[in-house]
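Now for the letters of each chain:
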Amino acid sequence: MSRRLLTIAAALLLFACGASAEAPSPEALNAARKLVVTLKIADQYRLLLPQLLLKLRPVVAQDRPEIERDYDAMTAPGSEIYTPALTSLIDQVAALYAQSFSADELRQIEAFYASPAGRKLLEKSDALAQASVQIGQDVSQKAADELKQRLIEALRQKGHKL
């Protein structure tokens, strides 16, 4: 799962668990909604919906072709069936951001992500996150191998047979 999708999932979990009891200001909520649009969080969620609907299809349609046809038509891309979930997602993530940042901070963050450098970061963030994880794994493996050798040598010098 990409870093951005994990961030969205974590944000929704924090919000659902009641991250803050204090309601954000309308100004902060508006700035947060604009940031959520700029970050294309709803677009990321839209990418997950086909997978969800594909998993639901056999449960709902019960292997009945007449139901499957109607199900497919009702869940086609652009269908109104997505609207409530997308609206809820945008509202909840915007509220989370509004609780975490001031309206001014949200505007500054949104300005960065709307800039060419911010858009480039958004475009490359998933690939960078994956490459960073791989680098971390490679460095950790190399360090573990080297540490293992050094420890074995040190233990042999103390007379242990390994």
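Up top is the structure these notes are about.
The structure contained in this document is the topic of the report that follows.

Conventions used here
Residues numbered from 1 in each chain as written. Predicted model: local features only at pLDDT ≥ 70, side-chain atom pairs only at ≥ 80, totals over all residues. Heavy atoms only, no water. Helix = DSSP H or I, 4+ residues; strand = E, 2+ residues; numbered from the N terminus. Expected span 1.5 Å × (residues − 1). Buried < 20%, exposed > 50% of the residue type's maximum accessible area, 1.4 Å probe, protein only. Arc of directions from axis to C-beta. Core = buried A, V, L, I, M, F, W, Y, C linked by side-chain atoms within 4.5 Å. Contact = heavy atoms within 4.5 Å. Axes fitted to C-alpha atoms, helices over the stretch in contact; angles between N-to-C directions. Parallel < 35°, antiparallel > 145°, perpendicular 65-115°, else oblique. Nonpolar A, V, L, I, M, F, W, Y, C, P; charged D, E, K, R; others polar. Phe/Tyr/Trp six-rings, centres within 6.5 Å; stacked < 30°, edge-to-face > 60°. Salt bridge = Lys/Arg side-chain N within 4 Å of Asp/Glu carboxyl O.

Every α-helix carries 3.6 residues per turn, so stepping three or four residues along brings you back to the same face. Spanning twelve residues, helix 6 (residues 103–114) covers 16 Å between terminal C-alpha atoms, matching the ideal 16 Å at 1.5 Å per step. All of the buried residues along helix 6 are Ala 103, Leu 106 and Glu 110. End-on view of helix 6: buried residues confined to an arc of 60°, all on one side of the axis.

Here the focus is the side chain of Thr 38. With respect to the helices and strands, Thr 38 occurs in helix 2 (residues 26–38). Judged by its relative accessible area of 16%, Thr 38 falls in the buried class.

What follows concerns the nonpolar core. When a protein is soluble and globular, its nonpolar side chains tend to lie buried together. If you look at the biggest cluster of nonpolar residues, it comprises 17 residues, and the most contacted ones within it are Ala 32, Leu 39, Ile 41, Val 93, Tyr 97, Ala 98 and Leu 106. At the level of secondary structure, the elements contributing two or more residues to this core comprise helix 2, helix 5 (83–100) and helix 6. In this structure Ala 98 touches Pro 24, Ala 28, Leu 29, Ala 32 and Leu 106, once residues within four positions along its chain are discounted. If you look at the next biggest cluster of nonpolar residues, it comprises six residues, including Ala 42, Leu 49, Leu 53 and Tyr 82.

Along the polypeptide, Gly 118 turns up in helix 7 (residues 116–157). On the accessibility criterion, Gly 118 (0% relative accessible area) is buried. Along the sequence, Gly 118 and Thr 38 sit 80 residues apart, while their C-alpha atoms lie 9.8 Å from each other. Ignoring sequence-local partners within four residues, the contact set of Gly 118 consists of Phe 112 and Tyr 113.

Closest axis-to-axis distance for the helix 6/helix 7 pair is 4 Å, and the angle between their directions is 75°. Relative to helix 7, the element helix 6 lies roughly perpendicular. In this structure, helix 6 contributes Phe 112, Tyr 113 and Ala 114 to the contact, and helix 7 contributes Pro 116, Ala 117, Gly 118, Arg 119, Leu 121 and Leu 122. Of the residues assigned to the contact of helix 6 with helix 7, the class counts are seven nonpolar, one polar and one charged.

On to the packing of aromatic side chains, then. The tally for this structure, following the rule as stated, stands at two aromatic pairs. Residues Phe 112 and Tyr 113 carry aromatic rings whose centres are separated by 5.0 Å and whose planes lie at 70° to one another, so their mutual orientation is edge-to-face.

Right, let's talk about unusual backbone geometry for a bit. Phi is positive for Lys 40, close to 60°, though the residue is something other than glycine. Residue position: Lys 40 is located in the loop between helix 2 and helix 3 (41–61). At Gln 62, a position not held by glycine, the phi torsion is positive, near 55°. Of note, Gln 62 is situated in the loop between helix 3 and helix 4 (65–74).

The subject of this paragraph is the pattern of salt bridges. Applying the stated rule across the entire model yields six salt bridges. Among the ionic pairs, Asp 43 bridges to Arg 46, the shortest N-O distance being 2.6 Å. Pair noted here: Asp 43 and Arg 46 are both in helix 3, with a separation of three residues, about one helical turn. Given a relative accessible area of 36%, Asp 43 falls into the partly exposed group. Put simply, Arg 64 and Glu 66 hold a salt bridge, and the shortest N to O gap is 3.2 Å. For Glu 66, a relative accessible area of 38% gives the class partly exposed. Members of the salt-bridge network, linked through shared partners, are Arg 57, Glu 68 and Asp 72.

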